[in-house]
Amino acid sequence: MIRWLFNWLWRPLAGLIPPGGLTIALLVYASVATAQPSHGIARHGMPALPAGFPHLPYANPDAPKGGRLVVGSLGTFDSMNPYISRGAVPEVSPGSGINTLIVQPLMMRSLDEPFTLYGLVAESIETAADRSWVEFKLNPLARFSDGKPVTAEDVKFTFELLRDRGRPVQRSSYRRVKEVSLPDARTIRFTFAEPDGELPLILALMPTLARHDINPETFEQPTFRPPLGSGPYKLAELDPGKSFTLRRNPDFWGRDLAILKGHHNFDEIRVDFYRDSNALFEAFKVGLFDVRFETDPAKWLEGYDFPAVRDGRIIRETLKFEAPRGMTGIVFNTRRPQLADQR
């Protein structure tokens, strides 16, 4: 097919293209030809999962639903809007944060791939070979928690809101976009000031906010009212600065999406805040919350000899991570003479 197109284009143009011009013409054609909608996007190479995958490899699609998860967090909060610079926001963990549970991004990250995203609110992504633009097609089922559909106008509104009034990192990234266009009610295209390999993925992680719910003039003010989102949970209870409870939305539009199979299994998620790390640990020891990720090696080795561990009410497990992780420890600078000898 490509050879036929080449011959069809070449014959009438052969006498018109100057030396070097054919290469330019073919490169332009190749960029257009390779752009097509896809279910996912990777920073390098191709997504590991094919279109139509049943669920993420690390998720159990048959996980039971129900119950309540109680999480402990260190600190406090005076705002439920995670997209502004002002205020302390309770983004305590991937499993209990406002972003992804109340508000959803266009695409969702796969945790066992270096940087790969799969469709969520956006059912597909299309980008040029040189990544000079990106286009998202929204899932026709996507709905905000008030039942109104998520449209390309909402995505455009979110982009402009965060570009002008969001956090500095969002303002910096989004200002690399030169033009935004809406081919139809479910499609949005971003054209970049210059080709950028990472910007399509940064935009794919953009949250989807409802333009009918937000006043841009007051958006930057801290508030205990979270943004209206399209996620699986809604805010059910709030004790300012101390705790909040999320309750699963029974009308959540995306509960049957393959990428979410095995996720969002708890009916309720409550997050309790503690001002002091010792108080946080003592609360866990007496069973005031359900799960704790220990990052202190000394405490892991010496601090878990108490009744709830000994009688099995607390189960200790070491989790294996097969991805780059941060570290906690002491690193000796062996370039210094006194540290060069391991003795």
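Overview of the structure. None of these values were measured; they are calculated from a predicted model. (Residues numbered from 1 in each chain as written. Predicted model: local features only at pLDDT ≥ 70, side-chain atom pairs only at ≥ 80, totals over all residues. Heavy atoms only, no water.)

## Examining unusual backbone geometry
Then, in step 1: Notably, R131 is not glycine yet its phi reads approximately 55°, a positive angle.
Then, in step 2: Assignment of secondary structure puts R131 in the loop between β5 (122-127) and β6 (133-138).
Then, in step 3: Of note, the phi angle at H264 is positive, near 55°, even though the residue is not glycine.
Then, in step 4: Here H264 lies in the loop between β10 (243-248) and β11 (268-274). (Helix = DSSP H or I, 4+ residues; strand = E, 2+ residues; numbered from the N terminus.)

## Quick look at a nonpolar patch on the surface
Then, in step 1: Residues V291, F293, L319 and F321 make up a contiguous nonpolar surface patch of about 410 Å² in total accessible area.
Then, in step 2: Structurally, V291 is set in the loop between α7 (277-285) and α8 (297-302). (Patch = residues over 30% accessible without salt bridge, like charges linked within 9 Å, V, L, I, M, F, W, Y side chains within 5 Å. Areas by Shrake-Rupley, 256 points an atom, 1.4 Å probe, with all protein chains shown as cover. Salt bridge = Lys/Arg side-chain N within 4 Å of Asp/Glu carboxyl O.)

## Remarks on the pairing of strand β4 (residues 116-119)
Moving residue by residue along a regular strand, the side chains alternate between the two faces of the sheet.
Then, in step 1: Strand direction decides the pairing type here: strand β1 (residues 40-42) and β4, joined by three bridges, are antiparallel. Within β4, the residue paired with A42 across the bridge is T116.
Then, in step 2: The pairing of strand β3 (residues 107-109) with β4 spans three bridges and is classified as antiparallel. Along β4, the bridge assignment pairs M107 with G119.
Then, in step 3: Connecting β3 to the antiparallel partner β4 that follows it, the hairpin turn spans six residues. (Pairing = 2+ DSSP bridges.)

## Here we look at the packing of aromatic side chains
The geometry of an aromatic ring pair is captured by two quantities: the separation of the ring centres and the angle between the planes.
Then, in step 1: Scanning all chains against the criterion turns up 15 aromatic pairs.
Then, in step 2: On the basis of an interplanar angle of 70° and a centroid distance of 6.2 Å, the ring pair of F136 and F190 is categorised as edge-to-face. Linking F136 in strand β6 with F190 in strand β8 (residues 187-192), this pair joins segments that are 54 residues apart in sequence. Each member of the pair, F136 as well as F190, is classed as buried. (Phe/Tyr/Trp six-rings, centres within 6.5 Å; stacked < 30°, edge-to-face > 60°. Buried < 20%, exposed > 50% of the residue type's maximum accessible area, 1.4 Å probe, protein only.)

## Regarding the nonpolar core
Proteins that are soluble and globular tend to have nonpolar side chains buried together.
Then, in step 1: Counting 62 residues, the largest nonpolar core has L106, M107, F136, F190, L203 and I259 as its most contacted members.
Then, in step 2: Residue contributions to this core peak at six residues, all from helix α4 (residues 152-165).
Then, in step 3: Aside from chain neighbours lying at most four places away, what touches F190 is W133, V134, F136, V155, F159, V177, E179, V180, L203 and M206.
Then, in step 4: Core analysis: the next-biggest nonpolar cluster, separate from the first, contains 12 residues, L280, Y304, F306 and A308 among them. (Core = buried A, V, L, I, M, F, W, Y, C linked by side-chain atoms within 4.5 Å. Contact = heavy atoms within 4.5 Å.)

## Observations concerning the pattern of salt bridges
Then, in step 1: Taken as a whole and judged by the stated rule, the model has 19 salt bridges.
Then, in step 2: For the salt bridge of E268 with R247, the shortest nitrogen-to-oxygen distance reads 2.8 Å. Here R247 lies in strand β10 and E268 lies in strand β11, a separation of 21 residues in the sequence.
Then, in step 3: Measuring nitrogen to oxygen at the nearest pair gives 2.7 Å for the salt bridge that ties R310 to D305. The exposure classification of R310 matches that of D305, with both residues exposed.
Then, in step 4: Beyond isolated ion pairs, a larger network of salt bridges with shared partners links R165, R171, E217 and E220.

## Examining the sheet that holds strand β2 (residues 68-74)
Then, in step 1: Taken in spatial order, the four strands line up as β2-β11-β10-β9 in an open sheet, and their pairing is mixed. Here the strands that pair on one side only, and so sit at the sheet edges, are β2 and β9 (233-239). This sheet shows a mean twist of 20° between the axes of neighbouring strands, independent of strand direction.
Then, in step 2: Here β9 pairs with β10 via six bridges, running antiparallel. Residue pairing for β10: E237 is matched across the bridge by T245. (Axes fitted to C-alpha atoms, helices over the stretch in contact; angles between N-to-C directions.)

## Focus on the side chain of E135
Then, in step 1: Following the sequence through the fold, E135 ends up in strand β6.
Then, in step 2: Residue class for E135 comes out buried when judged on its relative accessible area of 15%.
Then, in step 3: Not counting residues within four places of it along the chain, the set of residues in contact with E135 comprises S124, I125, E126, P183, T187, I188 and R189.

## Some thoughts on the pairing of β5
Then, in step 1: The element β5 is largely enclosed, with a buried count of five among its six residues.
Then, in step 2: The sheet contact formed by β5 and β6 spans five bridges and is antiparallel. Bridging across to β6, A122 finds its partner in L138.
Then, in step 3: The antiparallel pairing of β5 with β6 creates a hairpin that spans five residues between the two strands, and R131 there sits at a positive phi of about 55°.

## Notes on the side chain of D154
Then, in step 1: Along the chain, D154 falls in helix α4.
Then, in step 2: Look at D154: it is buried, it has no salt bridge, and the nearest opposite charge is R211 at 4.1 Å.
Then, in step 3: Within polar-contact distance, the side chain of D154 engages the backbone nitrogen of R211 at 3.1 Å.
Then, in step 4: Not counting chain neighbours up to four residues away, the residues in contact with D154 comprise F144, P149, L209, A210 and R211. (Lys, Arg positive; Asp, Glu negative; His and termini not counted. Polar contact = N/O pair within 3.5 Å; in protein donor to acceptor, adjacent residues only side chain to side chain.)

## What about α4?
Then, in step 1: With 14 residues, α4 extends 19 Å between its outermost C-alpha atoms, agreeing within 8% with the 20 Å of an ideal straight helix rising 1.5 Å per residue.
Then, in step 2: Inspection of α4 places A152, D154, V155, F157, T158, F159, L161 and L162 among the buried residues, and these make up the whole buried set. (Expected span 1.5 Å × (residues − 1).)

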